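The chain contents come next:
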Amino acid sequence: MNEQEIIAKLRVLEEIKPRRDWMKNTLRDITGQRTYLVNFNFLKTPAFSFAILMIVLVALSWLGLFNQPKSDDFKTAVLEIAENDVYDYNYYLEKASKVLEKAKTIDQTDKKSQVVKEAKEALEKAVEKLPSHPKNPKESGKIVEKVKVIKKNLAALGEEAKELTKPTKQLEEKTKEMIENEIYRIKVEAELAMLENRTLTDEQKELLKEAKNDYNNQDYLSALEKILQLTNQ
Amino acid sequence: MAKNLHFHFKKIYKLHIEKIYRFIYIKVNSQQIAEDLTSEVFLRLWKALQKENPSPIKNPKAFLYKTARNLVIDHYRSFPQRKEISIEEIKDMADFSQSLERKELINSEIETVQKAISKLKNDYQDVILWYYLDNLSIEEISKILGKSENAVRVMIHRAMEKLKELLKEV
């Protein structure tokens, strides 16, 4: 037997490994802190929760700051509506903005109420057509910007636009939901990519399959739950 | 500070726990004892890192192996009756995800190699495991053993020759 053969024989000893639960418990016992050896468990850590909370807060504060006076940039952000546009949520969001902008310049009460009615219809349509899953983060940003302009114009109208409060609130809620979904989607995609390189038990493989199905059905929260379950096994 | 220490320790732990456990296991032939001694090794590191004086550990890897080695020596001083390797225990301890035939083959190989290694004298066992299995450098081994690099080279060579003979016998 030559040296290379002996080294190869020695390598078989690499199969000797400690129990995973023992490794985890020992680390916890020594440091007195709850620790995670499985990478995905950072999903449950305060850092992760904090990061998610911060993203949601930033998004919400974005929506919440709409009533603040804005620079001329925002005025220019209200685009002219081309009538031949596709009648999707973009069309209705822009229409609502433009109509509300116009309402601010009208003095006659009857004409103003007509315009407010028009704005209400546009807002309701926008709520109806707003996607729960935007195509990409850039699109979410654009939607948020548009909602921001609508709220600004609505605030300028005051009591006269009272009937627009409800659809605007609905629009805000739906936008919030959309942002949350977007956060979950990004998270799930990252986790699925990482799991591709891991050795999984049969049970974990089954959970991964279910998580992928949820992801394909755009149910990102359920997918994330499955991933958490999987990584805790 | 405490957070940094915890992060630093966790990093060292994750990096070395398997190797230290394996090193101890091969020498004591018992899962229970290997777990106890490995825990003790890392507990000592944790305590040493927490101390401000004496100076912080510059080479945690060397500290771990040195402590593991000393604990194994102490263990045999307290319990001189060496425990014989049991194939059942090997089956339990190894993390296998291979086929049944492959499992049996690996079990048998581990038993053979471990038996041969256990017949080597203590220093030879250490250098063989560190150099060939844990990929420690000659320099690192010389620091752990407190011997010159040349002495370590000679020791590895002699240990290898001896192991060759023993593997023929087993």
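Predicted, not measured: the structure shown is a model, and the values here were computed from it.

1. What about the environment of K61 of chain B?
Residues and elements named next belong to chain B. Tracing the sequence through the fold places K61 in helix α3 (residues 60–78). Judged by its relative accessible area of 22%, K61 is partly exposed. Sequence spacing of K61 and L136 is 75 residues, and the spatial spacing of their C-alpha atoms is 9.5 Å. Those residues in contact with K61 that lie beyond four places of it in its chain are H16, L136 and E140.

2. Quick notes on the side chain of K226 of chain A
Residue and element names in this part refer to chain A. Its place among the elements puts K226 in helix α10 (residues 220–231). A relative accessible area of 17% means that K226 is categorised as buried. With residues near it in sequence (within four places) discarded, K226 still touches L207, E210, A211 and D214.

3. Remarks on the interface of chain B and chain A
Every contact between the two is made by 38 residues of chain B and, on the other side, 26 residues of chain A. When the buried area of chain B at its contact with chain A is split by residue, H6, Y13 and Y132 of chain B rank highest and sum to 17% of it. We note a salt bridge from E35 of chain B to R19 of chain A, for which the minimum N-O separation is 2.8 Å. For the pair chain B and chain A, the number of links is seven residue pairs in polar contact (both at pLDDT 80 or more). Listing elements by their share of the side of chain B that touches chain A, those giving two or more residues are α1 (2–28), α2 (31–50), α5 (100–118), α6 (122–133) and α8 (149–169) of chain B. Looking at the side of chain B that touches chain A element by element, the count peaks at eleven residues for α1 of chain B. Partitioning the side of chain B that touches chain A into residue classes produces 23 nonpolar, six polar and nine charged.

4. Things to note about the confidence of the model for chain A
All names here are of chain A. Residues with a pLDDT of 70 or more make up 75% of chain A, whose mean pLDDT is 75. Confidence scores differ between elements of chain A, with helix α4 (residues 72–77) showing the lowest mean pLDDT of 42 and helix α2 (residues 20–31) the highest of 90. Counting contacts from residues 35–42, a segment whose pLDDT is below 50, to residues more than four positions away or on other chains yields 28 contacts. Per-residue pLDDT stays below 50 along residues 65–86; that stretch engages in 30 contacts with residues further than four places along the chain or on separate chains.

5. Some thoughts on α10 of chain A
Residues and elements named next belong to chain A. The first and last C-alpha atoms of α10 sit 16 Å apart over twelve residues, in line with the 16 Å expected at 1.5 Å per residue. If you check which residues of α10 are buried, you get Y220, S222, A223, L224, K226, I227, L230 and T231. The secondary structure elements touched by the buried residues of α10 are α8 (165–195) and α9 (202–216).

Quick notes on the rules
- All residue numbers refer to position in the chain's written sequence, counted from 1.
- To read the labels, note that chains go from A and ligands from 1, taken in the order they are written.
- Given that this is a predicted model, residues contribute local features only at a pLDDT of at least 70 and side-chain atom pairs are listed and counted only at 80 or more, while totals for whole chains, interfaces and linings are drawn from all residues.
- Water and hydrogen atoms play no part in the side-chain values, which are based on all heavy atoms of the structure.
- What counts as a helix is a DSSP run of H or I of at least four residues, what counts as a strand is a run of E of at least two, and both are numbered from the N terminus.
- Using a 1.4 Å probe on the protein chains alone, a residue whose accessible area is under 20% of its type maximum counts as buried, one over 50% counts as exposed, and one in between counts as partly exposed.
- Contacts are residue-level and defined by heavy atoms, with any inter-residue pair within 4.5 Å sufficient.
- When two parts are brought into contact, each loses some accessible area as probed by a 1.4 Å sphere; the total of that loss over both is the buried area.
- Salt bridge criterion: a side-chain nitrogen from Lys or Arg within 4 Å of a carboxyl oxygen from Asp or Glu.
- Polar contacts, as used here, are pairs of N or O atoms within 3.5 Å; protein pairs need one atom able to donate a hydrogen and one able to accept it. Residues neighboring in sequence count only if both atoms are side-chain atoms.
- When residues are sorted by character, Ala, Val, Leu, Ile, Met, Phe, Trp, Tyr, Cys and Pro go into the nonpolar class, Asp, Glu, Lys and Arg into the charged class, and all the rest, Gly among them, into the polar class.
- Note on scores: pLDDT gives the predictor's confidence for each residue, bounded by 0 and 100.
- Given a helix with a known number of residues, its expected span is that number minus one, times 1.5 Å.

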